[in-house]
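# Structural characterization, general
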Amino acid sequence: LLLDELLFEGQVWIVDALLLDDGHRQRVGTLMSLDVEQLAQLGNRAATTHGLDVRQSVELARLLYPSEVTTTLRIFGIGVESPARYQLQMSSRVVELVADLASQLLERLQAER
């Protein structure tokens, strides 16, 4: 569970698709690096089968384990809109962006060494 991963002394990165509301459609198809507060401003909605989205999971972790939750949390993702129909494959644009995001994360990890 995501909740368990947040109980970590070091830096935590979450990589996910970010389901955007209508007011943020201009960010669909873009790579984003956000903190939890910025995520809330995007109108990010739950897009998970677990019933809690990232923001809700962080809020729950902070409520249940205030002294154990990481203080360094970053959310990296690709802005997506709610699909007209669900399918198992990613769109070609998302596949392209996933490769870009992976490269950016690798560069960031190497820079922090």
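Residues numbered from 1 in each chain as written. Predicted model: local features only at pLDDT ≥ 70, side-chain atom pairs only at ≥ 80, totals over all residues. Heavy atoms only, no water.

### Some points on the nonpolar core
Counting residues in hydrophobic clusters, the biggest one holds 17 residues, and the most contacted among them are Leu6, Ile14, Leu18, Leu73 and Ile75. Those elements that provide at least two residues to this core are strand E1 (12–19), strand E2 (31–34), helix H2 (36–41), helix H3 (54–64) and strand E3 (73–80). When sequence neighbours within four positions are dropped, the list of residues in contact with Leu73 reads Leu6, Val12, Ile14, Leu34, Asp35, Val36 and Val58. Ranked by size, the runner-up nonpolar core spans 5 residues in total, among them Phe76, Ile78, Leu97 and Leu105. (Core = buried A, V, L, I, M, F, W, Y, C linked by side-chain atoms within 4.5 Å. Buried < 20%, exposed > 50% of the residue type's maximum accessible area, 1.4 Å probe, protein only. Helix = DSSP H or I, 4+ residues; strand = E, 2+ residues; numbered from the N terminus. Contact = heavy atoms within 4.5 Å.)

### A word on the packing of aromatic side chains
Across all of its chains, the model carries 1 aromatic pair by this definition. Their ring planes at 65 degrees and their centres at 5.0 Å tell us that Trp13 and Phe76 sit as a pair that is edge-to-face. Here Trp13, found in strand E1, pairs with Phe76, found in strand E3; they are 63 residues apart in sequence, far enough to count as distant. For Phe76, a relative accessible area of 4% gives the class buried. (Phe/Tyr/Trp six-rings, centres within 6.5 Å; stacked < 30°, edge-to-face > 60°.)

### Notes on the sheet that holds E3
Taking strand neighbours across the sheet as the criterion, the 3 strands line up as E1-E3-E2 in an open arrangement whose pairing is mixed. The sheet is open, and its two borders are formed by E1 and E2, each paired with just one other strand. Strand-to-strand twist of the sheet, defined as the mean angle between neighbouring strand axes without regard to direction, takes the value 25 degrees. One ladder, built from 4 bridges, connects E2 with E3; its direction is antiparallel. Paired with Ser33 across the two strands is Phe76, which belongs to E3. (Pairing = 2+ DSSP bridges. Axes fitted to C-alpha atoms, helices over the stretch in contact; angles between N-to-C directions.)

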